[in-house]
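Residue-level structure breakdown
Listed below, chain by chain, are the residues.
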Amino acid sequence: MDLFHLPRKKPPSVRVDGEGVYLRPAKIGDFDEWRQLRSASRSFLTPWEPTWPLDDLSKGSFQRRLARQDRERLDDQAYGYLIFRGKDDALLGGLTLGNVRRGVAQCATLGYWIGERHAGQGFMSRAVRAVLRHAFLEMRLHRVEAACAPNNERSRRLLEGVGFQREGFARAYLLIDGAWQDHLLFAMLEREFLHETETVDGAERQL
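Residues numbered from 1 in each chain as written. Predicted model: local features only at pLDDT ≥ 70, side-chain atom pairs only at ≥ 80, totals over all residues. Heavy atoms only, no water.

Concerning the overall build of the chain
Tallying secondary structure elements over the chain gives 6 helices and 8 strands in all. The burial tally for the chain puts 45% of its 207 residues in the buried class. Across the chain, contacts joining residues at least 24 apart in sequence account for 64% of those joining residues at least 6 apart. Element-wise, carbon and sulfur atoms account for 50% of the exposed surface of the chain, whose accessible area totals about 11,000 Å². (Helix = DSSP H or I, 4+ residues; strand = E, 2+ residues; numbered from the N terminus. Buried < 20%, exposed > 50% of the residue type's maximum accessible area, 1.4 Å probe, protein only. Contact = heavy atoms within 4.5 Å. Areas by Shrake-Rupley, 256 points an atom, 1.4 Å probe, with all protein chains shown as cover.)

Laid out in structure tokens, this is it:
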């Protein structure tokens, strides 16, 4: 048996539902709302993201992003989603399970962003919980990792609030906003998430 190419139990579903939110892959019809939200949130987001290309908010760049995400999903490398509010389908932000490693690792890396006007209302906490359930129960992952800059208080509280455990500190870990920045390293194991879910009986922490 090839331990580095173990098959998934079943292909993951396209839409992921959570409490008051849902996630699905982006499509070309999302472009206008995505561009407006990203543009309005630019100063809020850029300190925590890789440097935006000059054409980042163009339709052509968005189309290339969708094509790349389609390839990555097909190859089981990464799963990109947009996050929507359930009651009115408003776009809230985005989330990615990337760097998927199968075989003896069964692991992925979590990344996320939220529009400034939607921050601090619990939406991302609910979206992360939904995608963790999806990752562990449908994608059959064993471990989900995440990282945040030490001064990104919102992100640190979010990860700790949903049950991620801090595992370390990585120097000059990611190229963010044009500079190599240190990051705190976190992870969630399948057994921890399932135990946490049972303990809180599905309740969401408002972060």
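Here's the deal with the confidence of the model for the chain
Scored by pLDDT, the chain has a mean of 91; 88% of the residues are at 70 or more. Within the model, the stretch residues 1-11 combines pLDDT values under 50 with 14 contacts to residues more than four positions away or in other chains. Counted against residues more than four places away or in other chains, residues 202-207, with its pLDDT under 50, gives 23 contacts. (pLDDT = per-residue confidence, 0-100.)

Overview of the environment of Arg73
Inspection of the secondary structure assignment puts Arg73 in helix α3 (residues 59-74). Placed 59 residues apart in sequence, Arg73 and Val14 show a C-alpha to C-alpha distance of 10.0 Å. Beyond its immediate stretch of four places on either side in the chain, Arg73 contacts Pro25, Ala78, Tyr79 and Gly80.

Some points on helix α5 (residues 153-161)
Regarding α5, the residues found buried are Ser155, Leu158, Leu159 and Gly161. Summarising the axial view, the buried residues of α5 lie within an arc of 165°, below the 170-degree limit, and thus occupy one face. Where α5 is buried, its residues contact β5 (107-114), α4 (123-137), β6 (143-148) and β8 (179-189). The positive-phi residue at the C-terminal boundary of α5 is Gly163, with phi of around 110°. (Arc of directions from axis to C-beta.)

Observations concerning the nonpolar core
Counting residues in hydrophobic clusters, the biggest one holds 51 residues, and the most contacted among them are Leu95, Leu97, Leu110, Val128, Val144 and Phe164. For this core, the leading source of residues is α4, giving 9 residues. Discounting chain neighbours no more than four positions away, the residues touching Val144 are Leu97, Ala108, Leu110, Leu132, Ala135, Phe136, Phe164, Phe186, Ala187 and Met188. (Core = buried A, V, L, I, M, F, W, Y, C linked by side-chain atoms within 4.5 Å.)

A word on the pairing of β5
Pairing geometry for strand β4 (residues 91-101) and β5, over 7 bridges, is antiparallel. Of the residues in β5, the one forming a bridge with Leu97 is Leu110. Between β4 and β5, which follow one another and run antiparallel, lie 5 residues, and Gly103 among them has a positive phi close to 60°. Relative to β6, β5 runs parallel, the two sharing 3 bridges. Bridge assignment links Ala108 to a residue of β6, and that residue is Val144. Handedness of the crossover joining β5 and β6 through α4: right-handed. (Pairing = 2+ DSSP bridges. Right-handed = clockwise from strand over helix to strand, strands pointing away.)

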